[in-house]
Protein chains: 2
Amino acid sequence: MIKIAIDAMGGDYAPKEQVLGAMLAVKQINDIELTLYGNETEIKKYLTDNTRINIEHCENVIPMDEKNPIAAIRKNKDASMVRALQSVSDEINEAIVSSGATQALIAGAHIIVRRMEGFKRTAIAPVIPTVDHRKAILLDTGANLQIRPEHMLQQAYFATIYANKILDINNPRVGLINIGTEKSKGRDLDKEVYQLFSETNLFEFAGNIEPKTILEPDCDILISDGFTANIVMKTIEGTAKSMGKLLKENLMSSFFGKLAGLLAKKNLREFKKQLSAEEIGGAVIYGLKKPVIKAQGASKAYGFYNAIRQAANIVRKEVFKIVEDYIKEESGETFGQETE
Amino acid sequence: MIKIAIDAMGGDYAPKEQVLGAMLAVKQINDIELTLYGNETEIKKYLTDNTRINIEHCENVIPMDEKNPIAAIRKNKDASMVRALQSVSDEINEAIVSSGATQALIAGAHIIVRRMEGFKRTAIAPVIPTVDHRKAILLDTGANLQIRPEHMLQQAYFATIYANKILDINNPRVGLINIGTEKSKGRDLDKEVYQLFSETNLFEFAGNIEPKTILEPDCDILISDGFTANIVMKTIEGTAKSMGKLLKENLMSSFFGKLAGLLAKKNLREFKKQLSAEEIGGAVIYGLKKPVIKAQGASKAYGFYNAIRQAANIVRKEVFKIVEDYIKEESGETFGQETE
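Since the structure is predicted, the reported quantities are computational estimates derived from the model, not experimental observations.

Rules and cut-offs
In this convention, every chain numbers its residues from 1, walking through the sequence in written order. Working convention: letters from A go to chains and numbers from 1 go to ligands, in the order in which they are written. Local features in this predicted model are restricted to residues of pLDDT 70 or higher, and side-chain atom pairs are both shown and tallied only at a pLDDT of 80 or more, whereas totals for entire chains, interfaces and linings draw on every residue. Side-chain numbers come from the whole structure's heavy atoms, not from hydrogens or water. Two aromatic rings from Phe, Tyr or Trp, using only the six-membered ring of Trp, form a pair when their centres are within 6.5 Å; if the ring planes differ by under 30 degrees the pair is stacked, by over 60 it is edge-to-face, and anything between is tilted. Only DSSP runs of H or I with at least four residues qualify as helices, and only runs of E with at least two residues qualify as strands; both kinds are numbered from the N terminus onward. Partly exposed describes any residue whose relative accessible area lies between the buried limit of under 20% and the exposed limit of over 50%, with all areas from a 1.4 Å probe on protein chains only and scaled to the type maximum. Here a strand pair is declared whenever DSSP counts at least two bridges between the two strands. For salt bridges, the criterion is a side-chain nitrogen of Lys or Arg within 4 Å of an Asp or Glu carboxyl oxygen. Axis lines are fitted to C-alpha atoms, over the contacting stretch for helices. Their N-to-C directions set the angle, which ranges from 0 to 180 degrees.

Colleague: Teacher, can you tell me more about the packing of aromatic side chains here?
Modeller: Two aromatic rings are characterised by how far apart their centres lie and by the angle between their planes. Residues and elements named next belong to chain B. A full pass over the atoms with the stated rule returns 18 aromatic pairs over all chains. Arranged with centres 5.0 Å apart and planes meeting at 85°, the rings of Phe158 and Phe320 form a pair that is edge-to-face. Here Phe158 is found in helix 6 (residues 149-165), whereas its partner Phe320 is found in helix 13 (residues 319-330), with 162 residues between them in sequence. What makes Phe158 buried here is its relative accessible area of 0%.

In C-alpha cells form, the structure reads like this:
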C-alpha cells in the first residue's frame, strides 16, 4: 500500500472537494491508503465511504491568505498542513498532497520535510498542456529567484527523471526559456546555463526556446529561474483567461455568433478542459526528501483526485529515490562541490 | 508638413506592402510628406500615386535575418534602413518607420540617430490591446537586459508622456510586472523599483502587477527589465497563437463545431483583429533623439500605414521634445547624476 497524507483543510473549497477527491482516488486506485488531516467533524460531513481512508483530527488550519508563512508553519503545530507534512517527515506517509496556501506549503516543506541531501535548490514544477496534446514541465515557477547554472542542472535532471517515469516520455529534451534561439542570447545566467547544458550527458539539451512557442515547444521540459518561469506561467494563465473572455464577448455580440456559441458550447468546454490544471494534477516540488504535491488552490474533487493519482505514481515509480541515489553516487562530480 | 522617412525595403513583404501603406497614409493624413528609401525600380512597380511621396534610391538592403546587425549598419552606408536613419539624424526627416530586421534597426538607431541627452537607457515599447478595449504600453521589450531602477524611472516617465499624448490617457498609471502584488515580492531590482516608483511625483504608481492580469491590467503602462518584458510579450504571443489553433481544432472536430465555426467566422476574425499588431501600429524606441518606429516584420499595407500614422502623431504632439526638455531642466535631480 502506498500511504499518502492529505491536507484536507487547505484549498478554496476545503474540506468538501478534498474529501470527495480522496474518495474518488481510493475508488480508482487500488494500492493507496489515504490519511486526511483536518477537522474530523467537517470531514465527516462529506466522507460517505472510509475504505482505505483514515482521519487524523487537527484543530487548526493555515489560512489561504497567510501573510507570514514561515511563522505560521512554526507556530501552528496542529494545523492540518503541518501535521500532514510532519507525517511524511516521520515516514508514516510517503507523500503529501495539499491545495493549501502555496507559500506556506513551500515553507513547510523546506522546514519539515527538508531538502534531499546534495540537492542545492528545490524547484516548483507544474506540468502544462501543449497544443499538440503532449505535456511539458515548466520550472522553476517560484522557489528560487536567485540561482546558479549548477542548480538548474540538478533541477533539469530531476525533471527528466520525472518526465520519463511519470509522463512516459522517452529521452525527454530540456529547453532553456530565452528571448532568442541563438546561444549568445539572454542574460549572463542564460549564457552560462546554455554552455553547461550543452556539455552535459545527463539529458538531451534542446537549446534556447522562445516563449512564442511556449505551448508547442520543441522540447519536453522548459526551464528558467524562479522569477522568469513564474512570470511565464502567469502570463500564459492571464492570456488564456483574457482570450476566453474576448472570444465569448465576440461570439455573443451578434446573432450568428450567439448561435455559433451555443452550437460550439461542448467544443469550447473541451477546449477549456485541455488547458485546465484539473486534468493535469498538481505542481511537484523537486529536490525535497519526499514528494510534496501542490494541488491548485481552487481544486475541485476531480482535480484533487488527479493530484493524488500523481502522488501515488511518483511513489510507485520511485522518482525521488532515483534522483537521490544518483546524486549520492556522483558526490559532487557533476553538480559541483560548493557548499552554500 | 511632417516629414517622415520610410525604409521601403525592410519587411517580409517589402517593398510592396510598404509602398501601399505609404500611399494609404498620404491619402488619409493631410500634413505628412514621405520619403521612401529603397530600390527605385522596385518601388515604382507599386507606386501609382506620388503625391507627397518622394523616392531616394538606395542600392542595398539590410536582410531580415541579418546576423551581425552592428557590422551591417556600419558597412552598408547605402542600405535603405541606414539612409533612412541618416536622414533623420541630418534633420531632413523628423521620424522614421521601418519593418526591417529588429536588431539592425535598434543598432542603427543607437549608432546613427543616437540617444537623447541625459536619457540613460533606451526602451522598446509596443502598445498591446487590453481585453477591456483600452490600450496598454509594455516595456522594455528588448533593448536592455541589465538595468537600474533610475533608468526604469526615466523609461516609465517617457511612457506616461506617450500614453497621455498619443493614446489620450489622462494620468496614466504605471504598474511593475512582478510575481506577486505585495511590495516585498520579486528580485532586488523589483523591490528597489517599487520603492523608487512609490516616492516619485512623475506619475501615478499602480504597484506590482501579476501577469495573470496582463491583458486586463489595473494600469496603463506595464514595465519590467528588457529580458522579462520580452519574455512576457512572447508568452502572450505564443499563448494566443496556440489557443487560436486549439480552438480551431476543437471546433472542426465535430459537425456542430464545424457549423459553429462557419457561423462564427466573422466574429473570430473580429477577435483576431483586436489582438492584432496591425491595428496598433509599431513599437516605439523611447529615449532616442528622434522617433524611430519599428513596424512588425510581417506588416501588410494597413499595419504599415498605422505605424506611419503613429509616427506623424508622435511628431505632431512633440512627445520626444517634451521628455527631452524635462530631462534637460531636471539636470540630474530626479534621475540621478551617475555617468555610465
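Picking up where we left off.
Colleague: Just checking my understanding: could you explain the pairing of strand 7 (residues 135-139) of chain B for this structure?
Modeller: Two faces, one strand: in a regular strand the side chains alternate between the faces of the sheet. All names here are of chain B. With 4 of 5 residues buried, strand 7 is to be regarded as a mostly interior element. Between strand 6 (residues 127-129) and strand 7, which follow one another and run antiparallel, lie 5 residues, and His133 among them has a positive phi close to 60°. In the sheet, strand 7 pairs with strand 10 (residues 221-223) via 3 bridges, with the strands oriented parallel. In the strand pairing of strand 10, Leu139 is matched with Ile223.

Colleague: Hey, could you run me through the pattern of salt bridges in this one?
Modeller: When the charged atoms of two side chains with opposite charge come close together, those side chains can pair. All names here are of chain B. Inspection of every chain in the model, using the stated rule, returns 32 salt bridges over all chains. For Asp218, the salt bridge identified is with Arg173, shortest N-O distance 3.2 Å. Taken together, the positions of Asp218 in the loop between strand 9 (204-209) and strand 10 and Arg173 in strand 8 (residues 173-177) put the pair 45 residues apart, joining distant regions of the chain. Here Asp218 falls in the exposed class, since its relative accessible area comes to 52%. Assessed through its relative accessible area of 22%, Arg173 is described here as partly exposed.

Colleague: Help me out: how do you make sense of the sheet that holds strand 11 (residues 283-286) of chain B in this one?
Modeller: In any sheet, the strands associate via hydrogen bonds between backbone groups, in a parallel or an antiparallel arrangement. Residues and elements named next belong to chain B. In space, the 7 strands of this open sheet follow the order 3-2-1-4-12-11-5, with mixed pairing throughout. Of all the strands in the sheet, just strand 3 (53-57) and strand 5 (123-125) have a single pairing partner and so form its edges. Neighbour-to-neighbour, the strand axes of this sheet turn through a mean angle of 25°, independent of strand direction.

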